[in-house]
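Observations on the model geometry
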Amino acid sequence: MMRALVMDYPSDNKVLDIDDQYMFGKAILVCPVTESMYNQDGQADFGSVKKRELYLPGGTQWIDYWTGEKREGGQTINKETPIDIMPIFIKAGSVIPIGPDVQYAEEKPWDNLEIRIYEGADGEFTLYEDENDNYNYEKGLYSTIRFSWDDTKKVLTIADREGKFPGMLQKRKFNIIKIASDEDTGKESSEKFIQKVLYSGERINIKL
């Protein structure tokens, strides 16, 4: 799940020696701050926002998770890094589900998931679910729901649910959010278009 950039971008020579960034899954580029930026000689300095240099792998576009700003891959940038924010970028075309705030898997039903669509390329994601507390998935007791994003048509397809398991939610809500940047002005922006979808296990096409 966490891996060096070279594993996803082997043809990009610039990622070969990068050891302070990593991919989290296929969609999320994480750029931790590994050197002190706001503490000089034991004294805290918050007089200005510091910057962290990072590299965006080539062959795709990247969207700033915090601002929605879209950047071309294949370049090194200096990203402002306030002390409470770690640079995170999302690969264009990603479909990312966001679950509820929970301390453990069965704390409450995951019946109201947020599905984030990052424009710029086609993409897909398969949502896997099982009983959470046993090994019955080894017997085939689990379900999958495939999400496919067509960037040209701006259509999200939620496929028929496959499989089943005891206690599976028969109906659920998906809050669909399309995240885009203002490419015309070049300004940092994050447009969020929300559409609520009631899903009962059958295929749905959603125009966004």
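For the structure, see preceding data.
Residues numbered from 1 in each chain as written. Predicted model: local features only at pLDDT ≥ 70, side-chain atom pairs only at ≥ 80, totals over all residues. Heavy atoms only, no water.

**Quick look at the sheet that holds strand 3 (residues 28–30)**
- Reading across the sheet, the six strands line up as 1-2-3-10-7-8 and stay open at both edges, with antiparallel pairing between neighbours. Unpaired on one side and paired on the other, strand 1 (2–3) and strand 8 (70–72) mark the two borders of the sheet. (Pairing = 2+ DSSP bridges. Helix = DSSP H or I, 4+ residues; strand = E, 2+ residues; numbered from the N terminus.)

**Section: the pattern of salt bridges**
- Summed over all chains, the structure comprises ten salt bridges.
- Salt-bridge contacts for Lys 178 lead to Glu 119; the nearest nitrogen and oxygen are separated by 4.0 Å. Taken together, the residues Lys 178 in strand 17 (residues 172–180) and Glu 119 in the loop between strand 12 (112–118) and strand 13 (123–129) connect sequence positions 59 residues apart.
- Looking at Glu 119, the relative accessible area reads 11%, which means it is buried. (Salt bridge = Lys/Arg side-chain N within 4 Å of Asp/Glu carboxyl O. Buried < 20%, exposed > 50% of the residue type's maximum accessible area, 1.4 Å probe, protein only.)

**Observations concerning the nonpolar core**
- Ile 115, Ile 117, Phe 147, Leu 156, Ile 158, Phe 174 and Ile 176 are the most contacted members of the largest nonpolar core, which totals 16 residues.
- Other than its neighbours up to four places away in sequence, Phe 147 contacts Val 95, Ile 115, Gly 123, Glu 124, Phe 125, Leu 127, Leu 156, Thr 157, Ile 158 and Phe 174.
- One finds Tyr 9, Val 15, Met 23 and Leu 29 within the second-largest nonpolar core, a separate group that totals 13 residues. (Core = buried A, V, L, I, M, F, W, Y, C linked by side-chain atoms within 4.5 Å. Contact = heavy atoms within 4.5 Å.)

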